[in-house]
Amino acid sequence: MLGVFYNLSLWYKLTDKTLYGAYISIIGAIATFVLNWVLIPRIGYMGSAIATFSTYSLMVLISFFWGKKHYPVPYEVWKIAGYISLAGAGIVLNEMLQESLLNSFLIVLLFLTLTFILERKTIFKKVNS
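Reading the values: the criteria
- Residues numbered from 1 in each chain as written.
- Predicted model: local features only at pLDDT ≥ 70, side-chain atom pairs only at ≥ 80, totals over all residues.
- Heavy atoms only, no water.
- Helix = DSSP H or I, 4+ residues; strand = E, 2+ residues; numbered from the N terminus.
- Expected span 1.5 Å × (residues − 1).
- Bend = angle between axes of the 7 residues up to and from the residue.
- Buried < 20%, exposed > 50% of the residue type's maximum accessible area, 1.4 Å probe, protein only.
- Contact = heavy atoms within 4.5 Å.
- pLDDT = per-residue confidence, 0-100.
- Core = buried A, V, L, I, M, F, W, Y, C linked by side-chain atoms within 4.5 Å.

**Q** What should I look at first to understand helix α3 (residues 18–43) in this one?
**A** Residue pairs three or four apart in sequence face the same way in an α-helix, which turns once every 3.6 residues. Between the first and last C-alpha of α3 there are 36 Å, a value that for 26 residues agrees with the 38 Å anticipated at 1.5 Å per step. The largest bend in α3 is about 30°, located at asparagine 36. Taken residue by residue, α3 has Gly21, Ile24, Gly28, Ala31, Asn36 and Leu39 as its buried positions. The inward-facing, buried residues of α3 abut α1 (2–8), α2 (10–14) and α4 (45–70).

**Q** Is there a simple way to explain the confidence of the model for the chain in this structure?
**A** A low pLDDT means the predicted coordinates there should not be read in detail. Residues at a pLDDT of 70 or more form 100% of the chain, whose mean pLDDT is 93. When mean pLDDT is compared element by element in the chain, α3 scores highest at 97, while α1 scores lowest at 89.

**Q** Sorry, what's going on with the nonpolar core here?
**A** Side chains that are nonpolar tend, in soluble globular proteins, to be buried together. In terms of nonpolar packing, the biggest core is built from 9 residues, these being Phe5, Leu8, Trp11, Tyr12, Ile24, Met59, Val60, Ile62 and Phe64. Mapped onto this core, the elements with two or more residues apiece are α1, α2 and α4. In this view, leucine 8 contacts Val60, Ser63, Phe64 and Tyr75; residues no more than four positions away in its chain are not counted.

Next comes the structure, spelled out in structure tokens:
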């Protein structure tokens, strides 16, 4: 989600509205503090991981909707959400299969294979041009 946020944060730099970036960062800092304060005592270091993921997800949503208003970019939202969901399903599957190196490798290989199948036309178009 951090990478997605960095990509989405470009709009306020291009439109010279960097104050929005400060607002998003402040909201993120508050969310991080509150979520860590609530989750770490209850579930330990996984609470921090969940807090970080949740905070960046919040920042992505805020940046996306503000960016849509000030600097619209035609993102393929459903496609992106599909890949994020597919990756999340891979994480859940890996947890269910008791996290072995072989299972992790096979899940990543499955993800890459599915991605290649779904994106093969685009990949070949880019390679051939």
